[in-house]
Amino acid sequence: MGIAEIEALIDYYARHLAGIDSHDRYDTEPPLVLIARDDIEDRWAELSTEQEQRVSRLDDVLIAKRARIAPLLPSTLSRDRRRWWWFLHEGPQVREQGHAA
Amino acid sequence: MGAAAGKYAEMQAARLAQLRGVSPPALDAFIGSLAKATALPQVQYHFERHGADFGAATTEDYRRLFLDHIRRADLRYFTCVHPRFGSRMWYLVGMDDGAVAQYNQSRQVYWSFYRVTNLGKFLEFGRGWWVEVVRTPSGWEAKPWV
């Protein structure tokens, strides 16, 4: 059921992240984005340097859009501080905190 | 999750109370009606966002996949009060392919159709605040998703 190709998974993350719009009345994208980001993390060892850089740039966008995501957090998936996207309701600092954890 | 867990538990309890206040025939009729839709509103908008999730080449392909999905007899039905909008949402989940049709009961309209990358995590995301509505020999029964 999952996405076999890591590049396709990153594309999914990018596409649904782009779908989070500040004036959007739809709510469907945030969980899809967070779960895709989690799936990428599960497969981080497969990423090329270029793909790591692309994900990092997308993470910048995720941080910028955190206000649209925060109302759906925390969740039962907010467990591991290294997976900082599950803690975006606490603010943008969670990314650095997660990297330091 | 601390205080948030309490908030979610309240939301789940409220949704359960709503559903348990619906007569069994009315709930049966409502769930039956979910399979009878003939269109996904704003289908072009949703196709542009989610068509690629299904490998759908055209809006018509995507629309057909949506209709096939909502008519499946083996879907699981989850529902919640949305924490941001307060809408009563339904998630019609295909357990074998991760396809999800989302219905906004408050607006009486299908809200979206998409595919998740990881169904286990998607369902985990709703744990503690969603309600599952399960068919039993005596009719549909609402149960907390815990």
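In the block above lies the structure referred to throughout.
Since this is a predicted model, take the numbers as computed values, not measurements.

A. Broad picture of the overall build of chain B. Along chain B, the regular secondary structure elements total five helices and six strands. Shown N-terminal to C-terminal, the secondary structure of chain B runs as helices and strands in the order α-α-α-α-β-β-β-β-α-β-β. By the compact-globule yardstick of 15 Å for 146 residues, chain B fits well, its C-alpha radius of gyration being 15 Å. Counting only C-alpha atoms and orienting by the principal axes, one finds that chain B spans roughly 45 × 35 × 25 Å. Buried positions account for 34% of the 146 residues belonging to chain B. Counted over contacts in chain B with a minimum sequence separation of 6, partners at least 24 positions apart contribute 49%.

B. Layout of the sheet that holds strand β4 (residues 109-115) of chain B. Residues and elements named next belong to chain B. As summarised here, the arrangement of the six strands in space is β4-β3-β2-β1-β5-β6, forming an open sheet in which the pairing is antiparallel. Both outer strands of the open sheet, β4 and β6 (139-144), are each paired with one neighbouring strand and no more. Across the sheet, the mean angle separating the axes of adjacent strands is 25 degrees when strand polarity is ignored. Across six bridges, strand β3 (residues 99-104) lies against β4 in antiparallel orientation. What sits directly across from Asn104, in β4, is Val109. Its contacts with the sheet place helix α2 (residues 24-34) against β1 (76-81), β2 (88-93), β3, β5 (131-136) and β6, and it is angled at close to 90 degrees to β6. Most of the contacts of helix α4 (residues 59-70) go to β3, to which it runs at about 80 degrees, and overall it touches β2, β3 and β4.

C. Spatial organisation of the interface of chain A and chain B. Listed by partner, the interface residues are 23 residues for chain A and 24 residues for chain B. Broken down by secondary-structure element, the contributors of at least two residues to the side of chain A that touches chain B are α1 (6-18) and α2 (29-42) of chain A. Examining the composition of the side of chain A that touches chain B, we find that six residues originate from one element, α2 of chain A, more than from any other. Its residues assigned to classes, the side of chain A that touches chain B shows 13 nonpolar, six polar and four charged.

D. The arrangement of the pairing of β2 of chain B in detail. All names here are of chain B. Burial analysis of β2 places five of its six residues in the buried class, which makes it a mostly covered element. Here β1 hands over to β2 after six residues, with Gly86 in that stretch at a positive phi of 75 degrees. Adjacent in sequence and paired antiparallel, β2 and β3 are bridged by five residues, among which Gly98 carries a positive phi angle near 70 degrees.

E. A look at the environment of Met95 of chain B. Structurally, Met95 of chain B can be placed in the loop between β2 and β3. If near-sequence neighbours (up to four positions away) are discounted, Met95 of chain B is found in contact with Arg76 and Leu119 of chain B.

Parameters at a glance
- Residues numbered from 1 in each chain as written.
- Chains lettered and ligands numbered in written order.
- Predicted model: local features only at pLDDT ≥ 70, side-chain atom pairs only at ≥ 80, totals over all residues.
- Helix = DSSP H or I, 4+ residues; strand = E, 2+ residues; numbered from the N terminus.
- Rg over C-alpha atoms; globule rule 2.2 N^0.38 Å.
- Buried ≥ 20, exposed ≤ 12 C-beta atoms within 10 Å, placed from the backbone.
- Contact = placed C-beta atoms within 7 Å.
- Pairing = 2+ DSSP bridges.
- Axes fitted to C-alpha atoms, helices over the stretch in contact; angles between N-to-C directions.
- Nonpolar A, V, L, I, M, F, W, Y, C, P; charged D, E, K, R; others polar.

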